[in-house]
Amino acid sequence: MSKTRDSMDTHLLRILQILLTEQSVSRAAIKLGLSQPAISNSLRRLREITGDPVLVRSKTGMVATERGLELLAHANDALSAIERITQPPGAFDPAHSTREFHLGAPDYLDAMFLPNIAEILRREAPHAKFIVHPINADYDYAGGLEDGGLDVVIGNWLEPPPQMHMARLFDDEVVCMVGSQNPIARRDLSLKQYLELPHLAPFPYVSERQSFIDGYLAAQGLRRNIQMTIPYFGQVAGMLLRTDLVFTTGRQFAQHYARYLPITILPSPFPFPAMRFYLLWHRRCHGAPEVIWLRQCIVRVASMLQASLGEHGGS
């Protein structure tokens, strides 16, 4: 039985549809561009597969059986479904989309990057929802991308996860942030001073690895004096304004707070490479038009911010 049913391919399904619509072997042959014997052979196969005559003779020609009329409805539905499956996805219309987008990112990006993405989404996709998931050491972002809980993830890694699709977003120069009331705000730091001073540091958001900063220091046999660790980057500025702590971070983050608060940016005495930020996504949504659009929005924001960093890199 299963072997017989397996022989119902798209071509035979189309012949079934035309036969039942035209209710004539000769007209079906003309419409399909096939010979009458070929259509007659196909009708014979269809009768074997379905266990029903499908078409029977009447005084005026041929008519569909009750089962044939039922099969016509199924054939129409099946061929419509096949057409939808085989057609490429339609263009995404952000202006009318009500899709819910899920982005994973460390709150390091809260100051500038995420608000710029939010601005584009509100302007271009006003009916869509935008949900940001905080990436920290306890969050399985790779699992979220795989199971559909996340559409994309933004972050900086020494080595991005190799199993994901990836786009490089921007590089960020490593600098030091201190409160302007801190005595060291008025002088350059030596490496010795940098390592001995009390540091403020965030919890790493990738649990199995050291942070970007400490990983590079450790590779040179160096270790800084971390006196305080916090879970959220939004707490950094307030901590620096009231303490003698030093915070090592990217220039983008530091410049944002230095524009509005008495925060001083100092060059890093250690030659850290640039912090490189990546956009990650899973192959399950690689070709999805709506996620392609989201990725393009994020890349646009990254390009604008990279240009801004280039203009103000010496400040």
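One can find the structure itself at the top, above this paragraph.
First things first, this report covers the structure right here in the doc. (Residues numbered from 1 in each chain as written. Predicted model: local features only at pLDDT ≥ 70, side-chain atom pairs only at ≥ 80, totals over all residues. Heavy atoms only, no water.)

1. Describing the pattern of salt bridges
No. 1: In this structure the tally under the stated criterion is 13 salt bridges.
No. 2: Asp-151 is the partner of Arg-99 in a salt bridge, and the nearest nitrogen-oxygen pair spans 2.9 Å. You can see Arg-99 sitting in the loop between α5 (66–86) and β3 (100–105) and its partner Asp-151 sitting in the loop between α7 (141–147) and β5 (152–156), a full 52 residues away along the chain.
No. 3: The exposure class assigned to Arg-99 is partly exposed, which follows from its relative accessible area of 23%. (Salt bridge = Lys/Arg side-chain N within 4 Å of Asp/Glu carboxyl O. Helix = DSSP H or I, 4+ residues; strand = E, 2+ residues; numbered from the N terminus. Buried < 20%, exposed > 50% of the residue type's maximum accessible area, 1.4 Å probe, protein only.)

2. A look at the packing of aromatic side chains
No. 1: In total, this model carries 14 aromatic pairs according to the counting rule given.
No. 2: Grouping aromatic residues by their ring pairs yields a cluster made of Tyr-108, Phe-113, Phe-170, Phe-233, Phe-247, Phe-253, Tyr-257 and Phe-277.
No. 3: One cation-aromatic arrangement involves Arg-295 over Trp-281; the distance from NZ or CZ to the ring centre is 4.2 Å. (Phe/Tyr/Trp six-rings, centres within 6.5 Å; stacked < 30°, edge-to-face > 60°. Lys NZ or Arg CZ within 6 Å of the ring centre and 35° of its normal.)

3. Quick word on the nonpolar core
No. 1: By size, the foremost hydrophobic cluster in this structure holds 63 residues, and its most contacted members are Leu-109, Phe-113, Ile-117, Ile-154, Leu-169, Met-177 and Ile-298.
No. 2: When near neighbours in sequence (up to four residues on either side) are disregarded, Leu-169 contacts Phe-113, Ile-154, Phe-277, Tyr-278, Leu-279, Ile-298, Val-299, Ala-302 and Gln-306.
No. 3: In this structure, Ile-15, Ile-39, Leu-43 and Leu-72 belong to the second largest nonpolar core, which totals 22 residues. (Core = buried A, V, L, I, M, F, W, Y, C linked by side-chain atoms within 4.5 Å. Contact = heavy atoms within 4.5 Å.)

4. A closer look at the sheet that holds strand β6 (residues 165–172)
Paired through their backbone hydrogen bonds, the strands of a sheet run either parallel or antiparallel.
No. 1: Taken together, the five strands give an open sheet; going across it, the order is β4-β3-β5-β12-β6, and neighbouring strands pair in mixed fashion. Two strands bound the open sheet, and with one partner strand each, they are β4 (129–134) and β6. Going across the sheet, the axis of each strand differs from the next one's by a mean of 20°, ignoring polarity.
No. 2: As paired elements, β3 and β4 share six bridges and run parallel to each other. In the sheet register, His-102 faces β4, and the bridge partner there is Ile-131. (Pairing = 2+ DSSP bridges. Axes fitted to C-alpha atoms, helices over the stretch in contact; angles between N-to-C directions.)

5. Here's the deal with helix α11 (residues 251–260)
No. 1: Counting buried residues in α11 gives seven out of ten residues, a clear majority hidden from the surface.
No. 2: Among all positions of α11, only Arg-251, Gln-252, Phe-253, Ala-254, Gln-255, His-256 and Tyr-257 are buried.

6. A few points about helix α2 (residues 10–22)
No. 1: Helix length check: α2 (13 residues) gives 18 Å between terminal C-alpha atoms against 18 Å at 1.5 Å per residue, within 8%.
No. 2: For α2, every residue scored as buried is listed here: Leu-12, Leu-13, Ile-15, Leu-16, Gln-17, Ile-18, Leu-19, Leu-20 and Glu-22.
No. 3: Buried positions along α2 lie against α3 (25–32), α4 (36–50), β1 (55–58), β2 (61–64) and α5.
No. 4: Gln-23, located one to two residues past α2, shows a positive phi value of around 55°. (Expected span 1.5 Å × (residues − 1).)

Read these as geometric descriptors, not functional statements.
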